[in-house]
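# Structure assessment
As a plain string of letters, each chain reads:
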Amino acid sequence: MKRNKQIDIKRALALASTFTFLCSCAKACLLPFLTLYFRQLGLTPAMTGVVMGTKHLISLAWCPLASLLSKHYNKRRVVIKGSLVCSAAVALVLLLIPPADMQSSACNMSDESSSPTRGAGDHLLTSSVGPTTLTGTSPKIYTAAVSQSGVTFPVKTHTQSPQLSEKNLKESEFVTNSVREPNVSRSVVFHTTSSLATLERNKRSKFNSDSEEQPEQEKENHSDFMSSLKSMDLQHQLFFFVLLTVSVWEFVSAPLEWTADDGLHEYLDFADASDHYSNTRVWGLLGAACGVAGVGSLVSQLSCLIAGQTPRSAVHFFCYAGLTVLALPVAAFLPLYLNKKRDKANGLLKAVQLIRFSPRALLCAITILLVGMVGSAVDNFLLWQMQDHGSNELHMGVSLAIALLSQAAFPLLVGRVSKLLSPGRVLVVGAACLGLQCFYYSFLWGPWAPLPAQLLSCFSSGALWWAVMVQCDDVATPGAERSVRRVYSTLSIELGSGLGSFGGGFVVQRFGLEWLFRGVAVGLMVWCVCLPLLQWKAPRQRRINYSRLLAADASEASESESEQERDWLDKAMEDDKSNNNYGRRINR
């Protein structure tokens, strides 16, 4: 970027806010409902937790590396456009994976008795839905849908066994025996045919050259892999394909946020307008609220199947892909700048060192890690709990939208909260509110029951992150504030959510949804009791205000200069007086 080029700050902020709004809206159309779609496919809670945990860990390792590579080769805009297109394409691939139970309903799971979250003694990574036993030789299967509390649940499969006559019974016994016990003549023919085929293969093998041995071994290895894949049951095959697709999806979509974020911040910093950078975050929350509420209300108005055999849950993927493609023209004009003087890797390492050598910063890091682990339980399995209590996509979308809007409204309360509570106490209050939310989620009783608890997101998310940002400013040196903030967000959103997804899935598989929310609530509340005591024991490091130091240095310099001027003037006046007295003496 040339120095003499005119920089329009308002245009840059408008483009950045629009891009953030569209990307957040696209993610909110799909990501909150993704685990619900996995449940519809037939994945168990443990499998769902493994998939989501792998997704977060890939983002943890790949985001910094992709951002560094795009900066090193100056390909940020290419990475942003490629990430948008590829993420939209790979997300649609998930629709091609068939469910484990082909006869399951397209709207929701079956009744609670066959839910994989109900059985406490189920084995891990295995389906708790047993196979259907068919009676009779030619049963007719009838499936219907019953609407309860606005949610469509499939009725259990019923079988109809017609009364069979003795002739039919004899024919069925004859067919069964003929299938189970082959005739001797058939076995002899099969043995003769197989022996002739073996001799023919032996003759052909003598004429094969040595150069063909290596391709044959590769074919055998490939066939061994395919045979091992086929030997797995249908549910584990589904788990393998979903895990592979989600991993590729996260690999292509993870670089988007960091790359666009770095380019925009460096552009505003170049224009000396980096203080306006935080304004784009509010637009991200508003976009997510619009996306989750809009797609929830849209899907709830549709029938179970749309366009033939396509389930209505595919609308989430179509909305995600459409909004992602819609963000492409904005990405073409997105303001980006490359500052080659700054090394982000060293900045992150320096931020980690600053946090490690500050006791209060370490306590904040542990808190934010625990919050990320607990938050993953809410993100992954709250909609499962709502679905079990009669909620449909409309209830889910409105509930999540209220949580996002309450989080976005916290800046209006910052002034009053900062006067009443210190940042350390606000951190404790925010974590405690999240624990209360989780405890409340374990006692849901109806479709709209989660709404009161969602209002606490103003403190459990908004106030908590405000306290974290204040801690970042306290511990960071000039120029390292953003790196410290990124370390905290990575600890919570990626590492904490990844670990929480792995553990939460197995807890739900073993004990159920209710005990997951109760367990994480009790654990977080215990930490909230210990945190004030640890903060009281931790030494308080006084923040160095560099602006005041510079002002003090300037005032001291001005005072020293004025004193020197006064000394020179006094000396000149004394010299003048002495000269006048000497002249008077001579005249006398």
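Refer to the structure presented above.
Residues numbered from 1 in each chain as written. Predicted model: local features only at pLDDT ≥ 70, side-chain atom pairs only at ≥ 80, totals over all residues. Heavy atoms only, no water.

The next point concerns the overall build of the protein. Per the secondary structure count, the protein includes 22 helices and six strands. In the protein, which comprises 588 residues, the proportion classed as buried is 41%. Look at the contacts in the protein between residues 6 or more apart in sequence, and 84% of them connect residues 24 or more apart. Carbon and sulfur atoms make up 60% of the accessible area of the protein, which totals about 33,200 Å². (Helix = DSSP H or I, 4+ residues; strand = E, 2+ residues; numbered from the N terminus. Buried < 20%, exposed > 50% of the residue type's maximum accessible area, 1.4 Å probe, protein only. Contact = heavy atoms within 4.5 Å. Areas by Shrake-Rupley, 256 points an atom, 1.4 Å probe, with all protein chains shown as cover.)

Our focus in this paragraph is the pattern of salt bridges. For the coordinates displayed, the defined rule picks out eleven salt bridges. We note a salt bridge from Arg482 to Asp262, for which the minimum N-O separation is 2.7 Å. Of the two residues, Arg482 sits in helix H20 (residues 481-511) while Asp262 sits in helix H9 (residues 255-270), which places them 220 residues apart along the sequence. Residue Asp262 is classed as buried on the basis of its relative accessible area of 1%. Asp262 serves as the salt-bridge partner of Arg486, at 2.8 Å between the closest nitrogen and oxygen. Linking Arg486 in helix H20 with Asp262 in helix H9, this pair joins segments that are 224 residues apart in sequence. Salt bridges linked by common partners bring Asp261, Asp262, Arg482 and Arg486 together as one network. (Salt bridge = Lys/Arg side-chain N within 4 Å of Asp/Glu carboxyl O.)

Our focus in this paragraph is the packing of aromatic side chains. Summed over the entire model, instances satisfying the criterion amount to ten aromatic pairs. Relative to Phe459, the ring of Phe410 lies with its centre 6.4 Å away and its plane at 70°, an arrangement referred to as edge-to-face. Of this pair, Phe410 sits in the loop between helix H15 (393-408) and helix H16 (414-420) while Phe459 sits in helix H19 (residues 457-475); the two residues are 49 residues apart in sequence, bridging distant segments of the chain. Geometrically, the ring pair formed by Tyr441 and Phe517 is edge-to-face, given 5.9 Å between the ring centres and 75° between the ring planes. Remark: Phe517 occurs in helix H21 (residues 513-537) and Tyr441 occurs in helix H17 (residues 423-441); sequence separation between them is 76 residues. By relative accessible area, Phe517 is classed as buried at 0%. (Phe/Tyr/Trp six-rings, centres within 6.5 Å; stacked < 30°, edge-to-face > 60°.)

For Asn74, which is not glycine, the phi torsion reads 55° and is therefore positive. Turning to its location among the elements, Asn74 is positioned in the loop between helix H3 (45-72) and helix H4 (76-93).

We now examine the environment of Leu31. When you line up the elements, Leu31 lands in the loop between helix H1 (9-30) and helix H2 (34-41). In the structure, Leu31 is positioned 348 residues away from Asp379 in sequence and 9.1 Å away in space, judged by C-alpha atoms. Residues within four places of Leu31 in sequence aside, it is in contact with Lys55 and Trp249.

On the surface, Phe240, Phe241, Leu244 and Val248 cluster together into a nonpolar patch covering about 330 Å² of accessible area. With respect to the element layout, Leu244 can be found in helix H8 (residues 234-253). A residue is classified by how much of its surface remains accessible, and Leu244, at 47% relative accessible area, is partly exposed. (Patch = residues over 30% accessible without salt bridge, like charges linked within 9 Å, V, L, I, M, F, W, Y side chains within 5 Å.)

Quick reminder: α-helices carry 3.6 residues per turn. Residues three or four places apart thus point the same way. Taking 1.5 Å per residue, 16 residues should reach 22 Å; H15 reaches 22 Å between its end C-alpha atoms and fits that length. By the criterion of burial, H15 is predominantly enclosed, with twelve of the 16 residues buried. Listing the buried residues of H15 in full gives Glu393, His395, Met396, Gly397, Ser399, Leu400, Ala401, Ala403, Leu404, Ser406, Gln407 and Ala408. (Expected span 1.5 Å × (residues − 1).)

Attention now moves to the environment of Ile97. With respect to the helices and strands, the residue Ile97 is situated in the loop between H4 and strand E1 (140-142). Relative accessible area serves as the criterion here: at 12%, Ile97 is assigned to the buried category. For the pair Ile97 and Leu41, spaced 56 residues apart in the sequence, the C-alpha separation amounts to 8.5 Å. Leave out the neighbours within four places in its chain, and Ile97 touches Tyr37, Leu41, Leu238, Phe241, Val242 and Thr245.

Attention shifts here to the nonpolar core. The biggest cluster of nonpolar side chains holds 98 residues, and the ones touching the most others in it are Phe38, Val242, Val468, Val484 and Tyr488. Tallying contributions element by element places helix H14 (residues 359-388) first for this core, with 14 residues. Other than its neighbours up to four places away in sequence, Val242 contacts Phe38, Leu41, Leu43, Val51 and Ile97. By size, the runner-up hydrophobic cluster in this structure holds 13 residues, among which are Leu22, Cys23, Ile80 and Leu336. (Core = buried A, V, L, I, M, F, W, Y, C linked by side-chain atoms within 4.5 Å.)

Let us now look at H20. Taking 1.5 Å of rise per residue, the 31 residues of H20 would be expected to cover 45 Å, and the 42 Å separating its terminal C-alpha atoms lies within 8% of that figure. Taking the largest bend as the criterion, H20 deviates by roughly 35°, centred on Gly496. Where H20 ends, the next residue or the one after it, Gly512, has phi of about 110°, a positive value. (Bend = angle between axes of the 7 residues up to and from the residue.)

The next point concerns the side chain of Ser442. Among the secondary structure elements, Ser442 is positioned in the loop between H17 and helix H18 (451-454). When near neighbours in sequence (up to four residues on either side) are disregarded, Ser442 contacts Gln385, Glu514, Phe517 and Arg518.

For any two helices packed against each other, the geometry is given by the interaxial angle and the distance between the axes. Across the interface, H17 lies against H19 with an axial gap of 8 Å and an inter-helix angle of 150°. In terms of their interaxial angle, H17 and H19 are classed as roughly antiparallel. In this structure, the crossing between H17 and H19 has a hand that is left-handed. Two secondary-structure elements touch here, H17 through Pro423, Val426, Leu427, Gly430, Ala431, Cys433, Leu434 and Gln437 and H19 through Ser457, Phe459, Ser460, Ala463, Leu464, Trp466, Ala467, Val468 and Val470. Residue classes in the contact of H17 with H19 are distributed as 13 nonpolar, four polar and no charged. (Axes fitted to C-alpha atoms, helices over the stretch in contact; angles between N-to-C directions. Parallel < 35°, antiparallel > 145°, perpendicular 65-115°, else oblique. Left-handed = near helix turned anticlockwise from the far one by under 90°. Nonpolar A, V, L, I, M, F, W, Y, C, P; charged D, E, K, R; others polar.)

Where H20 contacts H21, the axes come no closer than 7 Å and their chain directions differ by 130°. The angle between H20 and H21 places the two elements in the oblique class. In this structure, H20 crosses over H21, and the sense of that crossing is right-handed. Taking contact as the criterion, the partners of Gly504, Val507, Val508 and Phe511 in H20 are, on H21, Leu513, Trp515 and Leu516.

What follows concerns the side chain of Gln235. Topologically, Gln235 is positioned in helix H8. From its side chain, Gln235 meets the backbone oxygen of Gly42 in a polar contact 2.6 Å long. (Polar contact = N/O pair within 3.5 Å; in protein donor to acceptor, adjacent residues only side chain to side chain.)

A few words on the state of the cysteines. Enumeration according to the criterion identifies zero disulfides in this entry. Not engaged in a disulfide, the cysteine Cys433 finds its nearest cysteine sulfur in Cys528; these two sulfurs lie 8.9 Å apart. A relative accessible area of 11% places Cys433 in the buried class. (Disulfide = S-S within 2.5 Å.)

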